[in-house]
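Commentary on secondary and tertiary structure
Okay, here's what each chain looks like letter by letter:
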Amino acid sequence: MSDPLEGHVGYVLGLADDALISAQRTSWWISRAPELEEDVALANIGLDQLGQARSLLAHAGALEGQGRGEDELAYWRDERDYRCVHLVERDQADFGVAMARLLLFATYQAELYAALLGSADPGLAGVAGKAVKEVAYHVDHATHWVLRLGDGTDESHERMQAALDVEWPYLDELFEAVDPALLDAGIAADPTALRLPVLARLEAVLAEATLIVPEVTPRRGGGRRGLHTEELGYVLAEMQHLTRSHPGAQW
Amino acid sequence: MGAERTGEAAVRSAAWALAAEVPDPEIPVVTIEDLGILRDVTEDDRGWVHVRVTPTYSGCPAMDVIAGDVVDRLTRAGYQHVDVEHVLAPAWSTDDISEAGLAKLAAYGIAPPGPSGPGRGAGPVTLALSVRCPRCGSPDTRESSRFGSTACKSLWVCRSCREPFDHFKAL
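Residues numbered from 1 in each chain as written. Chains lettered and ligands numbered in written order. Predicted model: local features only at pLDDT ≥ 70, side-chain atom pairs only at ≥ 80, totals over all residues.

1. Notes on the sheet that holds strand 4 (residues 110–111) of chain B
Condition: What makes two strands pair is DSSP finding at least two bridges between them. A run of H or I in DSSP becomes a helix once it reaches four residues, and a run of E becomes a strand once it reaches two; helices and strands are each numbered from the N terminus.
Taken in spatial order, the four strands line up as 4-7-6-5 (chain B) in an open sheet, and their pairing is mixed. Edge positions in the sheet fall to strand 4 and strand 5 (141–145) of chain B, since each of these pairs with one other strand and no more.

2. A short note on the domain arrangement of chain B
All names here are of chain B. Short version of the rule: Per the annotation, domain bounds derive from an automatic or database assignment of domains. Whether two residues are in contact depends on their C-beta atoms, placed from the backbone: they are in contact if these lie within 7 Å. Here the nonpolar group is Ala, Val, Leu, Ile, Met, Phe, Trp, Tyr, Cys and Pro; Asp, Glu, Lys and Arg are the charged ones; every other residue, Gly included, is treated as polar.
As far as domains go, chain B holds domain 1 (2–92) and domain 2 (108–168). Counting from both sides, the interface comprises seven residues of domain 1 and, opposite them, five residues of domain 2. Across the side of domain 1 that touches domain 2, the residue classes break down as four nonpolar, two polar and one charged.

3. Here we look at unusual backbone geometry
Definition in use: To sort residues by burial, count the other C-beta atoms lying within 10 Å of each one's C-beta; a count of 20 or more means buried, 12 or fewer means exposed, and anything in between means partly exposed. C-beta atoms are built from the backbone.
With omega at -10°, the peptide bond leading from alanine 89 of chain B into proline 90 of chain B counts as cis. When you line up the elements, proline 90 of chain B lands in the loop between strand 3 (82–86) and helix 5 (99–108). A positive phi angle, near 85°, is found at serine 31 of chain A, a position not held by glycine. As for its placement among the helices and strands, serine 31 of chain A is situated in the loop between helix 1 (7–27) and helix 2 (36–64). The exposure class of serine 31 of chain A is exposed, given the 10 C-beta atoms found within 10 Å. Backbone geometry at arginine 162 of chain B places phi at a positive 70°, although glycine is not the residue there. If you trace the backbone, arginine 162 of chain B turns up in the loop between strand 6 (153–158) and strand 7 (164–168).

4. Considerations on the interface of chain B and chain A
Every contact between the two is made by 20 residues of chain B and, on the other side, 29 residues of chain A. Looking at the side of chain B that touches chain A residue by residue, the class counts come to eleven nonpolar, seven polar and two charged.

5. Details of the packing of helix 5 (residues 95–116) of chain A against helix 9 (residues 191–208) of chain A
Residues and elements named next belong to chain A. Selection rule: Structural elements are reduced to axes, namely lines fitted to C-alpha atoms, with helices fitted over the stretch in contact, and the angle between N-to-C directions of any two is expressed from 0 to 180 degrees. Reported orientations rely on four angle classes, namely roughly parallel under 35 degrees, roughly antiparallel over 145, roughly perpendicular from 65 to 115, and oblique for the rest. Crossings are assigned a handedness: left-handed for a near helix turned anticlockwise from the far helix by less than a right angle, right-handed for a clockwise turn.
Contact pair helix 5 / helix 9: the axes reach a minimum separation of 10 Å and the direction vectors enclose 140°. Classified by the interaxial angle, the pair formed by helix 5 and helix 9 is oblique. Considering the relative orientation of helix 5 and helix 9, their crossing is right-handed. Between helix 5 and helix 9, the contacting residues are Leu103, Leu104, Thr107, Tyr108, Glu111, Leu112 and Ala115 on the first element and Leu194, Pro197, Val198, Arg201, Leu202 and Val205 on the second. Across the contact of helix 5 with helix 9, the residue classes tally to ten nonpolar, one polar and two charged.

Written as structure tokens, this is what we have:
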């Protein structure tokens, strides 16, 4: 029997975990953002990502057919069973880093969901149909900040460039090839085909923001195989401890 | 779902009329029918009612409340078995809001959405058309925050009457 976390279920879980963990990291900013409007914006963006994650997790659970629902998958999987990329799981306590990451991640999601509109899996196509419109706002929001900071003062320019340099090495993992059977079946969007359109959009924003495309060595990744940075553990601990301390609790 | 329900849904029944009256929990001046999120209400020959609702945004926290309110209203009207299904496709758009719904939003002080679709994604920064102030009608307004108190709204300020207001974002 094949690993149940591979194949179709594993693919959907990867997308779900990206959205879920990004939602957790993004919502960390609520009450910490530089202005009240930004608290509200990041709360809304995190909520969109959480909504996408919930639909995707429920779908993955249904595909798996073992009776695991969205909560079971979110709260009761350990680190090694998580399939998110390293881009989304790391700490982002610097606002420039948070905006650089949001630009990278939302731009990728915009192209990903657009490609999934035509998925042979109606569950994925359904999530994509909603998400593609939501992430357009996320791209917009991140773009505004990257322009404002990149093409701002010397200080903001320097810090925005430094933030991009930190995040850029994690971009490659998003374009890792998936099981060819999923492409043949028309289920998955080919990540390798997303690279060029994503890069083209990012480069256009950076040029306008007077920032340079970082020349950095890509990180090795491994998130899709359950190999994570140390930092994912802290997110999961915070997210899961209540449910695990009080299983079945309702409020 | 499709086949066994065909024929049952042809007429918008009394059950539809009841479900249609459920107000949106966050913007109670509009009903779920006005918003276009009530997709389908079918009743089988046993009198069991199946309601299909679609969320505005993926993460819309009002969905559970809406489902509860629909069940509540129908059970109080005598329907014994009511279930609510959340459907994602076809994706909801602000174009699904009825004319009546748009008018109610404006009267409530929320600038209604313009048509969705074109105008996005052309350059790095997308430009939006000016939004008219729902209080004084002036087009001289500015966006103060792209995100507002709920996922579906942005915050604006009128330069003419100086009042802040919500705008229902085109989606």
